[in-house]
Amino acid sequence: MGVGYHEEQSVASGELRLLVTVDRKEDGMIAVGIRHMDGEVRGKLVLHWGVVEDASSMRVYQKPPPEMLPENTKFRPGKSSVRTPFDDRTDGVLLGFPESVAPNGILFLVFVQQDNMHQERWFKKDNTGGDFYINLIPAISEKEKQQRLERLSQKDREEKERKEREEMAKIEEEKRQEQIRAEQEKKLAKEREEVETRKKVCREAADKLADLNGWELRDRKDYDFGNNQVYFISIKKKEQQDVTIPGKVYVVTNMTLGGGDLLLHWGLKFQRGRGWIEPPPESRPEGTIEKDGLAVQSKFHETEEHVRVVEIQGLPEGTIGIVAVLHAPPGQWFNKPGGGDMYVSVADTPPPPGLDMIESRICKEIAADVIEREMEYGSWTLMHRYNHGNHLVNDLIGHDVDAWGLMFVWMRYSQLRVLDWQRNYNTKPRELSHAQMNFVTCLARKYRQFSDLRWIIRLAMTCVGRGGSGDLGQKIRDDILVILRHNRGWGHGSMMEQWHQKLHNNTNPDDVIICDGLMAFWSSFGNIEEYRRVLRENGLTSQRLAGYEQPITVEPDYVPHIRDTMLHELGCYGHLLRQVHLGTDLFSCVDRVRGILDGDIRDKVNEYLHAREHRGLVDQVKILFSARESLRRQLLREGLHDDQARDLLFLDIALEADGRREIEGGKNHDGSVWSHLNMIANSALLLMLSEGSLPSSKHLQSLANELFQTIDRISYYGESEDAGLRAAAALSSARNVLTEVVDRYKARLGSLSEGLGQAFHASPETVNIFVEEVVRGGPAFSLSVMLRKAEPAIRNIAMLGPYSVISPYYEEVKGEVYVFEHLRECQALELRKNSVIVAGRCNGDEDVPDGCSYVIIGSTVDVLSHVAVRARNEHHGLIACFDEDKMEELKNLKGSVVKCKLEGEIFTYDFVEMSALSRSASSQALTPRHSRRASGLITPPTGLRSPRSGGPDKAKGMAKSTSSSTLRKIGREPSTLSDYLKSASWAIRPSEYTPLLVGSKSMNLARLEHLGLPDWILTPTSVTIPNGSLKKVFRDPQNEDLQRKYRDIRGEIYAAESTDVSKCVELRHCILDLKLPDGMANAIRGILDELGCEDIDASLPGAWEAIKGVWASLWNERAYLARRKMKMDSKDVDMAILCQKIIDADYAFVIHTANPISGDKDEIYGEIVIGLGETLVSNAPGQALGFVAKKDADPKPQLKSYPSKPFAMRGGEYIFRSDSNAEDLEDFAGAGLHDSIPIVPSVEIDIDYSTEQLMTDDKFRFNLMRDVARIGMAVEQSLDCGPQDIEGCMKDGKYYVVQARPQIL
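Owing to the predicted nature of the structure, the values given are computational and were not obtained by experimental measurement. (Residues numbered from 1 in each chain as written. Predicted model: local features only at pLDDT ≥ 70, side-chain atom pairs only at ≥ 80, totals over all residues. Heavy atoms only, no water.)

A. Representation of the overall build of the chain. Looking only at helices and strands, one finds 37 helices and 43 strands in the chain. Its C-alpha radius of gyration of 45 Å places the chain more than 25% over the 34 Å reference for a compact globule of 1305 residues. Its C-alpha atoms put the chain at 160 × 90 × 75 Å along the principal axes. A burial count over the chain gives 54% of its 1305 residues as buried. Per element, the accessible surface of the chain, about 57,700 Å² overall, is 48% carbon and sulfur. Charge separation in the chain, taken as the distance between the mean sites of 168 positive and 197 negative side-chain charges, equals 1 Å. (Helix = DSSP H or I, 4+ residues; strand = E, 2+ residues; numbered from the N terminus. Rg over C-alpha atoms; globule rule 2.2 N^0.38 Å. Buried < 20%, exposed > 50% of the residue type's maximum accessible area, 1.4 Å probe, protein only. Areas by Shrake-Rupley, 256 points an atom, 1.4 Å probe, with all protein chains shown as cover. Lys, Arg positive; Asp, Glu negative; His and termini not counted. Charge placed at Lys NZ, Arg CZ, Asp CG, Glu CD.)

B. Highlighting the sheet that holds strand β10 (residues 215-225). Pairing is antiparallel across the open sheet formed by five strands, whose spatial order is β10-β11-β12-β17-β16. The open sheet has two edge strands with one neighbour each: β10 and β16 (301-304). Taking the axes of each pair of neighbouring strands and ignoring which way they run, one obtains an average angle of 30 degrees across the sheet. The sheet contact formed by strand β11 (residues 228-237) and strand β12 (residues 248-253) spans six bridges and is antiparallel. In the strand pairing of β12, Y231 is matched with V252. (Pairing = 2+ DSSP bridges. Axes fitted to C-alpha atoms, helices over the stretch in contact; angles between N-to-C directions.)

C. Highlighting the nonpolar core. Ranked by size, the top nonpolar core spans 119 residues in total, and within it F408 and L651 carry the most contacts. When residues in this core are grouped by element, the largest group, 14 residues, is from helix α19 (residues 721-759). Contacts of F408, omitting those with residues within four sequence positions, involve I456, L459, A460, C463, L749, F770 and V774. In this structure, L1030, V1033, L1042 and I1137 belong to the second largest nonpolar core, which totals 44 residues. (Core = buried A, V, L, I, M, F, W, Y, C linked by side-chain atoms within 4.5 Å. Contact = heavy atoms within 4.5 Å.)

D. Representation of the environment of V82 in the model. By the secondary structure assignment, V82 is in strand β5 (residues 82-85). Classification of V82 as buried rests on a relative accessible area of 1%. Sequence separation between V82 and Q62 is 20 residues; the distance between their C-alpha atoms is 9.4 Å. The residues contacting V82, other than those within four sequence positions of it, are L47, H48, W49, P64, L69, T73, K74 and F75.

E. Seen up close, the packing of aromatic side chains. In total, this model carries 26 aromatic pairs according to the counting rule given. Ring plane angle 80 degrees and centroid distance 6.5 Å describe the contact between Y1046 and W1115, whose orientation is recorded as edge-to-face. Linking Y1046 in helix α30 (residues 1040-1055) with W1115 in the loop between α33 (1096-1112) and α34 (1117-1125), this pair joins segments that are 69 residues apart in sequence. You'll find Y1046 and W1115 in the same group, each marked buried. Residues Y1147 and F1260 carry aromatic rings whose centres are separated by 5.6 Å and whose planes lie at 50 degrees to one another, so their mutual orientation is tilted. In this pair, Y1147 is assigned in strand β34 (residues 1147-1152) and F1260 in helix α37 (residues 1258-1279), connecting sequence segments 113 residues apart. These aromatic residues form a ring-pair network of at least three members: Y803, Y809, Y854, F907 and Y909. The ring of F75 is capped by K63, whose NZ or CZ atom sits 5.3 Å from the centre of that ring. (Phe/Tyr/Trp six-rings, centres within 6.5 Å; stacked < 30°, edge-to-face > 60°. Lys NZ or Arg CZ within 6 Å of the ring centre and 35° of its normal.)

F. Focus on empty space enclosed by the protein. Applying the stated rule across the entire model yields four cavities of 30 Å³ or more. Residue assignment for the lining of the second largest cavity shows that the elements contributing at least two residues are α18 (695-717) and α19. Examining the composition of the lining of the second largest cavity, we find that four residues originate from one element, α18, more than from any other. Along the lines of polarity and charge, the residues of the lining of the second largest cavity split into five nonpolar, five polar and two charged. (1 Å grid on protein atoms, 1.4 Å probe; cavity = no way out; pocket = protein on both sides within 12 Å on 5 of 7 lines; lining within 4 Å. Points joined across faces, edges and corners; volume = space filled by probe spheres on them. Nonpolar A, V, L, I, M, F, W, Y, C, P; charged D, E, K, R; others polar.)

G. Representation of a negative patch on the surface in the model. Judged by side-chain charge, E204, E302, E304 and E305 come together as a negatively charged surface patch. Position of E304 relative to the elements: it lies in strand β16. (Patch = residues over 30% accessible without salt bridge, like charges linked within 9 Å, V, L, I, M, F, W, Y side chains within 5 Å. Salt bridge = Lys/Arg side-chain N within 4 Å of Asp/Glu carboxyl O.)

H. Just the pattern of salt bridges, in detail. Considering all chains together, one arrives at 72 salt bridges under this definition. Taking the shortest distance from any N to any O, the salt bridge between R660 and E656 comes out at 2.8 Å. Taken together, the residues R660 and E656, both in helix α16 (residues 642-664) and four residues apart, mark about one turn of the helix. Each of R458, R628, D652, E656 and R660 takes part in a single network of salt bridges with overlapping partners.

I. Highlighting the pairing of strand β26 (residues 850-857). For β26, a buried count of six out of eight residues is recorded, marking the element as mostly surrounded by other parts of the structure. In the sheet, strand β25 (residues 829-841) pairs with β26 via six bridges, with the strands oriented parallel. Bridged to A839 within β26 is I857. Of the pairings in the sheet, the one linking β26 to strand β27 (residues 877-881) comprises four bridges and is parallel in character. Across the sheet, residue I856 finds its bridge partner in β27, namely I879.

J. Representation of the packing of helix α12 (residues 563-581) against helix α13 (residues 586-593) within the structure. At a minimum axis separation of 10 Å, α12 and α13 run at an interaxial angle of 80 degrees. Between α12 and α13, the angle is such that the two are roughly perpendicular. Taken together, the residues of α13 that come into contact with α12 (itself represented by H575, R578 and Q579) are S588, D591 and R592. Residue composition of the contact of α12 with α13, grouped by class: no nonpolar, three polar and three charged. (Parallel < 35°, antiparallel > 145°, perpendicular 65-115°, else oblique.)

This is the structure in structure tokens:
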């Protein structure tokens, strides 16, 4: 038979040579031959081949048609290619098939089949490594090609016709479906209308019951069950006064259930945290049946179509609510949507103690919800807790800081095992790990969103394990089985089998401790004491182990020959448990994020891991800060996925925790001041990273800058007294910031921990130390540790010693020791003579109680603060103690009698005995003061003569003092408004001042103005609202009602106990509610004009409020208590107001022209602060720049302390200063008892002392101190009446004296 087409080609692959032939016979058959050309390739050759139908898919094997398959070739299941062995006779493969089935081409490879002599080996194209291709298109005849085109055209026509038929059928089907949908929608609309009608009827019925005549709504709960609703309506009688007496409850529903019975399964609630209580017979509706001793079932009765109701009344006293579910016999139950019981309150119940102080409504609501779930749900586990926490954080909390505080406190009590980890529910490990991961991922997202809440979100995350995907949780169950297989003897009853059962039932963080205990057990060759030690140190008792739902009641047994295997397996298993339960395991965290860390950050983390083992502590902490700072930048980067943010945040928390262990542990540095300051600076920066965007973060950065500046000085000049003073100021700043942080923890977490702790039935000890332990577990404590370690060395080079004498008292006394957290706690008390007070804190505005000889405080106050001045004037020793160990030792003397004495800067004491009171009553002897009316009032020297009898007479000249007889006469003036004061103007200039009209501040300024100061010392323009003005305002007709109320309350407060300050608030409100008389309004306008105000009408309301605020400060608690202490009646006290334009100072100062510490009248003591003097007189935290200077012609000031006030005050415009006749009395310093108020509140400006000229420019600082000393000498010389207490400021190089008064020695 002839050949219509022939082609042949050689192909090669390595040593394989093939001849490929393609032939078409005249009968239309095509033959393809593939033959091995030489014998170099050994082994059985196999053709691996397929066809190509589409020229565009030259690389894709397609299954050949059956007609093409040679003998011994079969289709392979699931494969498109086939395999044909080479024929041994022809050493090739021959494919024969009609051209009607011929494909476009054939793809093939050749391989050597594996046998006992040969390995499998494949041959591909030499040049590309791809498949061989045989093109069959040329072999197909033109006739066949034409037939194929015709067949394709016919196929296309048939396909088109088929599609047209399908499209028509589709259209018809759509029309039919549309008709069905329309009918269904009509039916559904009718059903929805019926449902809405039922809902409306039911809702209206509930609304009517909530608004019954003579009743008012107490509580209402609406529960939505889709098409059905349940309303709980709790009402009480309108005239009912006692809110604790239960009223009436209606339960209303439209749930019909096809007409079947519906029952209310309900019980009573008597207090939080207690379960259901069976209602008494008198409270049960007719037909109610008893159930299980805890609840009853009452049948709903249809009151109208679509409405069923149960009415409950006659509830016993003490009931606070009704708990219920619905039941449709025989087996259908309806809980609250989302799970749990439905509830309605029937009596007002106060929130748990502590939570009543929370202002946030959402926080209170969440607290009630959490308490109910934790204490009353029958089934509850860690998984439920984390799922609910995730819901609250995602959907409810938002930016509410109190709610976030509650979230942390809740999780912390869970971590402390106060709350159940498993209750009547089996949690699969994968479910728990999934819940954990969702929760902490949500927390990480909120961390990035709320910069000012990062500190508390971090805290919450430390209480929750990281969790993991479902496979990670399941791996906990699977891998314990692997461990068990190593010893077939661990069967039923063994510890390992019991642990296995517990893990399958419910894994929790306890399993990490158990695994660690087992590691210690196997490492010690089966020493059971090591196992017990690990469990004991982590608080895991045998009772807790036995209390699991799958209890562990026995201890592990030791099998020597599998020791190494067990150590390896338990090590791996512990790593797995830590991944799920402990998100802060450092090495797990590092492993998890290596793939997502930026390269430079990864290097820094690795550098820290290396430094832990090979570098000193100072370098280690520096590297840690660098790593965490870089990590924070990536953590807060835009576009970061939540999962990545979560793992990066856990790494940061783990690094923080590891750094704390290193800092607080036994590792030490060389003990130099340079090392101490480096440790404090870097500890401050580490705390800063954990504080988020809070103000404390900025303060910590400033503190670090200040410390690094001091470190640079030490590096250059070496250790010196000046460096020590700078470092001591930095330590003071550090204590200020720590106080700020700790106070925030107490404010945000104290009430919440108390309230939730009591609701959760936590032990009193756990509740009491909750906040303290949170602080101790954070980076603030690390900074505190560094301060304590550094303090002795720094005070040593600063020549300061452990004590700082603020008010000296050098008498040896024997007295009882009283201990208080804050000096304010005891200022209203009378103590036994020669008592010693030890107080942790002092703000500077307190009074020292009568009977006290020495006060030891654990914080510093300015030497010229009000408490310091009053302590010196009243002859109390006031001493700051900076040694924490000594302070703790002093606190431990509580209730003891000691003999003590101040010798120079050293306070010595010796224990004598326990006090009789301590022995008999174990409490401190605190005696309230009794009210005693003052027999007379003595005003300070003013320098102005009193008016001659017969009426006021303008002073003709200035004298040095007023006679004591005149002072006594002034003190005996009746409290009623004299004609002299009544006729006085509402406002007077300095030329009109007299001792009857104004106080010592105004008088002394007038005297300075009259006598004159050097030209370079200026005084501000001043106007005074005279004494008697408050009484005149009260007598204005529009204020008569307030005057009567004021008199009545004033009578009540003096009839009460001397320490009762409860009426002070009401008296202040009486003054603040005063209406402005017309004459006073015109006077205020004149005052503002005199002071240079440009918009008088706009400033008038603020000025009036400031004036009333100054008058109202007569009834500040400390002012009232001070008057009681001095046996003064408030009727004897009058208040003038000194009005001045505020000088927005660069620096403010206070000068005592006699050293108040040493009593040296030839030495000036001064204090300087940045900004307004308000930070001095208001006793802001930290210390001022303090110095002393001899009264020489050219004084040489000696620096005593560098400043550490964290902020300066700026602005204010105009100020109204108290000028009371109850200030600067003999033996009493009343300054600071009353307020001075600006029209516009001044603002706080943070200070960075590393850039402040007062710290960086030695010459400037020296000149400033020298000029202030010269001002003190000039004022004292001008007044010529003894030592002076002077306040002033400097602005743009100009000096001002704001006020001066005699210094009381």
